[in-house]
Amino acid sequence: MSKVLVIAEHNGTDLSPATAKTLTGALAVGAEAVEVLVFGHDPQGPAQQAAELSGVTGVKVISAPHFANPLAAQLAPEMVAVASGYTHIFAPSTTFGRDLLPRVAGLLRVNQISDVMEVLSDRSFKRPIYAGNAIVTVNVPASSKPILATIRTASFAATGVGGSAAIESIEPQASAPTHTRYLKTEGSGGEGPDLSSASVVVSGGRALGSAENFEIVHSLAKKLGAAVGASRAAVDAGYVPNELQVGQTGKIIAPDLYIAVGISGAIQHLTGIKDAGTIVAINKDAEAPIFEVADFGLVGDLFELLPELERAL
Amino acid sequence: MKILVTLKRVVDYNVRVRVKNDGSGVETDGVKMSINPFDEIALEEAIRIKERGEANEIVVASIGPDACQQQLRTGLAMGADRAILVETDALIQPLSAAEVFLKIIEQEQPDLVLMGKQAIDDDCSQTGQMLAAMWDRPQATFASEIVLNGQSAQVTREVDAGLETIEVDLPAVITVDLRLNEPRFVKLPEIMKAKKKPLDVKPLSDMGLGAEEDFEMAGYEAPAKRAGGQKVEDVAALVNALKQRGLL
Ligand SMILES: Cc1cc2nc3c(=O)[nH]c(=O)nc-3n(C[C@H](O)[C@H](O)[C@H](O)COP(=O)(O)OP(=O)(O)OC[C@H]3O[C@@H](n4cnc5c(N)ncnc54)[C@H](O)[C@@H]3O)c2cc1C
Ligand SMILES: Nc1ncnc2c1ncn2[C@@H]1O[C@H](COP(=O)(O)O)[C@@H](O)[C@H]1O
């Protein structure tokens, strides 16, 4: 008799697509109840959206002014207070979930499973290790309770809507630690679709050479209605902001179409795109490793091929 | 100020790791081993803090087999002052690693603990957060900038939405991301000098660990291979192929 709690991720007004994907992982456990926990400062929108996801049996809201910008040190004690009612607690393996859930595990003194890519049973899970070069099956012993896991969102489709779960408010239990203070978030807030959930992504690498040159990647993406991504080398060189990095230490994504431009295909980059539907690579080096995984490889100079591709669309 | 830096010995990031034929693990025999790249960045940051005069001692610690001494020696050559090896041949999961580091913290009383944001072998990204929770101290994960102001630190974190800045009181655990700095190369004279620096080895059984419940690693397999490798002649052929798949 499993009861799963999914920690919602949202921006204050909208639930992040990562939540609906995490829910699919939670439903795969075969639980009798799957509830969603929403932290925030009066997060009515996200709570309502969570209640409408199919398969959700209940929504819990814990609201406080200082939850407007969630900090793991504040949320973890609240989660410990509600944890005893659940066999499983899942969070998305986004930076939010990866920051928070191990802190909860530390307080509860249990191990945690990171990046679940497949649910085999309520106690058996598959996850990638060594940048995706190996997959390990993890079995959780019966005495380890509750089971804490982050769900690799690229491995699960979002659950649909159609639910109408009840929303319940819970008072915050723990006193907020003052040793950690939120100051600010700076994002590019760029237009265009969100990289993590976009169905088409165009990524540029070191070969672009400058932020100005990267404009041709933005331009193609715009034409395709695609999100823009980048290799680590392109981010390190300052062509685009860090949140556009794809790969082991950036975002793990699964778009229907991924177009890699001037990216060599290092293992750490490929980890981020192995679940993409179709991969296109444009690179002037016919031996570049990216071509081994590309469904369609085009060999040549990106500065000629990209404008040509844009014109052909 | 005293800084504790954790250094994990892992398969070098350039090695393409293979699963053993019998699925019992990954092939590590004869494979190049290195300091976890994120931990190297953590140590580099500690050294820069010390060079700025904001710290006076750096202790590096590792949990693992005797061979970890190599990575600790490299850490000493980079600029750490002392090293601690908690020796075990067992595979250590993050909860136990955090328990061990908590014991070391109790003995060493550091003002700052710098760790990698993840180990590139297990890719767990858990140990720092677990340690901070058990120690009941702040955590700042995925750091790309650290500014110390006496009793607190301002940390810029690489999060999905961009860059988040938080302030944490010290002592705290900070886990570092790749863009924090670029680690220095060690020079031969430093490697020679490092041989004289103290390296304390203690068996894991001396750490008085509780009964952590380990997960069972029930089998390893290679990832599914993508059926790639096809090339197209030109842009027109690419557009055609994508249209056929209904992607354009
Ligand atoms: C611990 C760790 C984690 C990492 N995490 C990540 C990660 O999350 N994401 C990531 O991407 N990397 C990551 N890396 C870095 C990774 O190893 C590579 O260094 C990086 O992906 C290389 O980026 P790149 O392909 O843009 O550059 P390069 O490898 O330099 O490749 C540039 C490519 O462009 C091609 N080219 C050059 N000029 C042209 C032209 N005019 N037209 C067409 N093609 C051209 C070249 O043939 C080459 O193949 C990580 C590394 C480490 C150690
Ligand atoms: N056995 C170990 N020895 C030294 N450091 C470790 C060990 N295990 C974990 N760590 C530290 O914890 C960080 C995160 O590891 P992980 O949670 O396994 O991804 C690593 O970057 C190391 O700094």
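All residue numbers refer to position in the chain's written sequence, counted from 1. Lettering of chains starts at A and numbering of ligands starts at 1, both following the order in which they are written. In keeping with the predicted nature of the model, local features appear solely for residues at pLDDT of at least 70, side-chain atom pairs appear and are counted solely at 80 or more, and the whole-chain, interface and lining totals rest on all residues. To obtain the side-chain values, all non-hydrogen atoms of the structure were used and water was disregarded.

A closer look at the site of ligand 1
Applied cut-off: For each residue, the test is whether any non-hydrogen atom lies within 4 Å of the molecule or strand; if one does, the residue is near. Think of a polar contact as two N or O atoms within 3.5 Å of one another; within protein, one of them needs to be a possible hydrogen donor and the other a possible acceptor, and neighboring residues in sequence only count if both atoms come from side chains. Per-residue and other accessible areas follow the Shrake-Rupley method at a 1.4 Å probe size, with only the shown protein chains counted as cover for residues.
As a structural note, the neighbourhood of ligand 1 is formed by 30 residues, with Arg 206, Ser 231, Ser 264, Gln 268 and Asn 283 of chain A the closest of them. Of the chains in the model, those with residues near ligand 1 are chains A and B. The backbone of Arg 232 of chain A places a nitrogen or oxygen atom 2.9 Å from an oxygen atom of ligand 1. One of the backbone N or O atoms of Val 246 of chain A is found 2.8 Å from a nitrogen atom in ligand 1. Its free accessible area being 990 Å², ligand 1 has 85% of it covered by the protein chains.

A word on the interface of chain A and chain B
What counts is decided by this rule: We call two residues contacting when some pair of their heavy atoms lies within 4.5 Å. Put simply, buried area is how much 1.4 Å-probe accessible surface two parts lose in total, over both of them, once they are put together. Here, a salt bridge means any side-chain nitrogen of Lys or Arg that lies within 4 Å of a carboxyl oxygen of Asp or Glu.
Contacts between the two partners involve 82 residues from chain A and, on the opposite side, 78 residues from chain B. Of the roughly 7100 Å² buried between chain A and chain B on both sides combined, carbon and sulfur atoms contribute 53%. A per-residue breakdown of the area chain A buries against chain B is headed by Asn 111, Tyr 130 and Phe 296 of chain A, which together make up 11% of the total. For the interface between chain A and chain B, the tally reads eight salt bridges.

As for the sheet that holds strand S11 (residues 199–203) of chain B
Quick note on the threshold: Strand pairing is defined by DSSP finding a minimum of two bridges between the two strands. A run of H or I in DSSP counts as a helix once it spans at least four residues, and a run of E counts as a strand once it spans at least two, with each numbered from the N terminus. Axes here refer to lines fitted to C-alpha atoms; in helices the fit is confined to the stretch in contact. Angles between the N-to-C directions go from 0 to 180 degrees.
Read across the sheet, 10 strands follow the order S11(A)-S9(B)-S8(B)-S7(B)-S10(B)-S6(B)-S1(B)-S4(B)-S5(B)-S11(B) without closing on themselves; strand pairing throughout is mixed. Each edge of the open sheet carries a strand with a single partner, namely strand S11 (180–186) of chain A together with S11 of chain B. The sheet shows a mean angle of 30 degrees between the axes of neighbouring strands, taken without regard to direction. Across six bridges, the pairing between S11 of chain A and strand S9 (residues 162–169) of chain B is antiparallel.

Side note on the site of ligand 2
All names here are of chain B. The condition is simple: Side-chain classes are defined by residue name, with Ala, Val, Leu, Ile, Met, Phe, Trp, Tyr, Cys and Pro counting as nonpolar, Asp, Glu, Lys and Arg as charged, and the others, Gly among them, as polar.
Lining the immediate environment of ligand 2, one finds 19 residues, of which Thr 6, Asp 39, Ala 119, Ser 125 and Thr 127 sit closest. Asn 36 has a polar side-chain atom sitting 3.0 Å from an oxygen atom of ligand 2. One of the backbone nitrogen or oxygen atoms of Ala 119 is found 2.8 Å away from an oxygen atom of ligand 2. Contact with the protein chains covers 98% of the free accessible surface of ligand 2, which is 480 Å². Contributions of two or more residues to the shell around ligand 2 are made by strand S4 (57–64), helix H3 (94–108) and strand S6 (112–116). Of the residues forming the shell around ligand 2, the biggest block, three residues, is contributed by S4. Its residues assigned to classes, the shell around ligand 2 comprises eight nonpolar, eight polar and three charged.

Points about the sheet that holds strand S5 (residues 112–116) of chain A
All names here are of chain A. Pairing is parallel in the open sheet, where seven strands are placed in the order S5-S9-S4-S1-S2-S3-S10. Looking along the sheet, the strands with just one partner apiece sit at the ends: S5 and strand S10 (167–170). Across the sheet, the mean angle from the axis of one strand to that of its neighbour is 25 degrees, orientation sign disregarded. Packed onto the sheet, helix H3 (residues 72–83) meets strand S1 (3–7), strand S2 (33–40), strand S3 (58–63), strand S4 (88–92) and S10 and runs at close to 150 degrees relative to S2.

Re the side chain of Gln 248 of chain A
Threshold: A simple rule labels every residue: compare its accessible area, found with a 1.4 Å probe on the protein chains alone, to the largest value its type can have, and call it buried under 20%, exposed over 50%, or partly exposed in between.
If you trace the backbone, Gln 248 of chain A turns up in the loop between helix H6 (232–236) and strand S14 (257–261). Note on Gln 248 of chain A: relative accessible area 13%, which makes it buried. Engagement of the side chain of Gln 248 of chain A in a polar contact is seen with the side chain of Asp 123 of chain B, the distance being 3.1 Å. Those residues in contact with Gln 248 of chain A that sit more than four places away from it in its chain are Ala 131, Gln 268 and Thr 271 of chain A together with Gln 118, Ile 120 and Asp 123 of chain B.

Let's talk about the domain arrangement of chain A
Residues and elements named next belong to chain A. In plain terms, the rule: Throughout, the edges of the domains are those of an automatic or database domain assignment.
Structurally, chain A comprises domain 1 (3–170) and domain 2 (200–312). With centres defined by C-alpha atoms, the gap from domain 1 to domain 2 works out at 31 Å. With seven residues of domain 1 in contact, the opposing surface of domain 2 contributes eight residues. Across the domain 1/domain 2 interface, buried area totals approximately 640 Å², and carbon plus sulfur atoms make up 50% of it. For the domain 1 face of the interface with domain 2, the top three residues by lost area are Ala 131, Arg 152 and Ala 154, together amounting to 69%. At the boundary of domain 1 and domain 2, one finds one salt bridge. At the surface where domain 1 touches domain 2, the tally comes to two residue pairs in polar contact (both at pLDDT 80 or more). Here the side of domain 1 that touches domain 2 is built from residues that sort into three nonpolar, three polar and one charged.

A look at the side chain of Arg 137 of chain B
Cut-off, in case you're wondering: Within this scheme the basic residues Lys and Arg register as positive and the acidic residues Asp and Glu register as negative, but His and the chain ends are omitted.
Tracing the backbone through its elements, the reader meets Arg 137 of chain B in the loop between helix H4 (127–135) and strand S7 (139–149). Despite its burial, Arg 137 of chain B pairs with no opposite charge; the closest candidate is Asp 169 of chain B, at 5.4 Å N-O. For Arg 137 of chain B, the side chain forms a polar contact with the main-chain oxygen of Asp 169 of chain B, separated by 3.5 Å. If we skip the residues at most four places from it in the chain, Arg 137 of chain B touches Arg 103 and His 179 of chain A together with Ala 132, Asp 169, Leu 170 and Pro 171 of chain B.

Overview of the packing of aromatic side chains
Residue and element names in this part refer to chain A. Put simply, the rule reads: Ring geometry is summarised as follows: Phe, Tyr and Trp rings, the Trp one being its six-membered ring, pair when their centres sit within 6.5 Å, and such pairs are stacked at plane angles under 30 degrees, edge-to-face over 60 and tilted between the two.
Under the counting rule described, the total for this entry stands at three aromatic pairs over all chains. Ring centres 5.5 Å apart and planes at 80 degrees place the aromatic pair Phe 39 and Phe 67 in the edge-to-face group. Highlighted residues: Phe 39 in strand S2 and Phe 67 in the loop between S3 and H3, separated in sequence by 28 residues. For Phe 39, a relative accessible area of 5% puts it in the buried group. A relative accessible area of 2% means that Phe 67 is categorised as buried. Ring plane angle 80 degrees and centroid distance 6.5 Å describe the contact between Phe 90 and Phe 125, whose orientation is recorded as edge-to-face. Of this pair, Phe 90 sits in strand S4 while Phe 125 sits in strand S7 (residues 124–129), and the two are 35 residues apart along the sequence. Its relative accessible area of 0% is what places Phe 90 among the buried residues.

Some remarks on helix H6 (residues 235–244) of chain B
To keep things clear, this is the line we draw: Throughout, the arc means the angular range of directions from the helix axis out to the C-beta atoms.
If you check which residues of H6 of chain B are buried, you get Val 235, Leu 238, Val 239, Ala 241 and Leu 242 of chain B. The buried residues of H6 of chain B occupy an angular sector of 160 degrees when projected down its axis, which confines them to one face. In this structure, H6 of chain B carries Ala 236 and Gln 244 of chain B as exposed residues pointing more than 90 degrees from its buried face. Where H6 of chain B is buried, its residues meet S14, strand S15 (278–283), strand S16 (296–299) and helix H9 (302–312) of chain A.

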